Every structure is written in C-alpha cells, then in structure tokens.
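Each chain is listed here by its residues.
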Amino acid sequence: IPSILNVNSSATAILKNEIGAIEDAINGKATLVDLYKQTQKNHKALDATYRAAAERAKASQKVTEATNATVHDAVAMANKAEGQQQIMQAQIQIAAAGVVQQTDMKDLLAQMLAMESQKWYVENTEKAAAETRDRAVGQRMRNFVGN
C-alpha cells in the first residue's frame, strides 16, 4: 500500500514516488496529462494513508485495553500481596504498562504528524500543478489571440 505509514517504505520514497516532486510541476517538466495522473496517484496515496491510520488507531485501542487489563491485574495483585516482593512486582507491572502506553501514544503522534505532512505535501504539489495548468492555459490563450 503506498502509504506514508507503511513500515516497509520510507516517507521520502512515498513522497517522491507516489506524490511526485513539486519541482516537476513548477519548472514545467510535467505535461498537463502528467499532472492529472499525478493528482490521481496523490489521492490514492492519501487514501492508503488514511486507511492505515484508521487501522493503527484501532490497534492503539487494543493496546490501551491490554494496558488497562495489566494495570487492573497488577492493582488486584498488589491488594492481595502478602509481602514486599509481590507489591514490587505489581509496581513493576504498572510501570511497564505505563511505558507501553506512552510508547504507543508517541507512535500515534508521530504517525499523525506523518499523515498531516503527507496531506500538506499533496496540497502543495497540487497547488503548484494548478498554477502550472493556469500558466499553460494562459499561454495558449495568448498564442490563440495573437494568431
């Protein structure tokens, strides 16, 4: 899936290969057909990213459920503890669950930033493509009127 959130590809590869380089739109290397096809690829890449984000959000819910269950079990274990060592084990489980939850949250935030960056990149590229199309239409009009 051409998604910026796909762990098997780099963000740079997705931006260049799926969304395209803004330079092609700005410097006129791309034709209007190229720009149209690139816009279609942009939308497919964004769609894949949005799907991957939804799947990741669902996975995060499962992490939260598992973390909550671990904390609940550790608190119950601490309440039934008969010695200091059992209390310490419960505290370690609670601390570990907190680390897992924080790691998951940081991963979610990083993916949200990546997703927004991809969206902005697409918007910027499409804006440049639209400007290029407008210049091409303007030039054709000047050529037509001039003839």
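Owing to the predicted nature of the structure, the values given are computational and were not obtained by experimental measurement.

### Considerations on the confidence of the model for the protein chain
- Averaged over every residue, the pLDDT of the protein chain is 84; the share at 70 or more is 97%.
- When pLDDT is averaged over each element of the protein chain, helix α4 (residues 84-146) comes out on top at 88 and helix α1 (residues 11-19) at the bottom at 73.

### Some remarks on the nonpolar core
- Core analysis: the largest hydrophobic core is formed by seven residues, namely Ile4, Ile14, Leu15, Ile19, Ala45, Leu46 and Val122.
- Where this core is concerned, the elements lending two or more residues are α1 and α3 (32-80).
- No other element matches α1, which puts three residues into this core.
- Judged by nonpolar contacts, the second largest core, of six residues, contains Ile22, Ala25, Ala30 and Ala129.

### Description of the pattern of salt bridges
- Evaluated as defined, the whole model comprises three salt bridges.
- Notably, a salt bridge pairs Asp104 with Arg56, separated by 2.5 Å at the nearest N-O pair. Remark: Arg56 occurs in helix α3 and Asp104 occurs in helix α4; sequence separation between them is 48 residues.
- On the basis of relative accessibility, which here comes to 6%, the residue Asp104 falls in the buried class.
- Judged by its relative accessible area of 15%, Arg56 falls in the buried class.
- A salt bridge links Arg56 to Asp107, with the shortest nitrogen-to-oxygen separation between them at 2.8 Å. Taken together, the residues span a long stretch of sequence, with Arg56 in helix α3 and Asp107 in helix α4 at a distance of 51 residues.
- The exposure class assigned to Asp107 is partly exposed, which follows from its relative accessible area of 32%.

The rules we used
Residues numbered from 1 in each chain as written. Predicted model: local features only at pLDDT ≥ 70, side-chain atom pairs only at ≥ 80, totals over all residues. Heavy atoms only, no water. pLDDT = per-residue confidence, 0-100. Helix = DSSP H or I, 4+ residues; strand = E, 2+ residues; numbered from the N terminus. Core = buried A, V, L, I, M, F, W, Y, C linked by side-chain atoms within 4.5 Å. Buried < 20%, exposed > 50% of the residue type's maximum accessible area, 1.4 Å probe, protein only. Salt bridge = Lys/Arg side-chain N within 4 Å of Asp/Glu carboxyl O.

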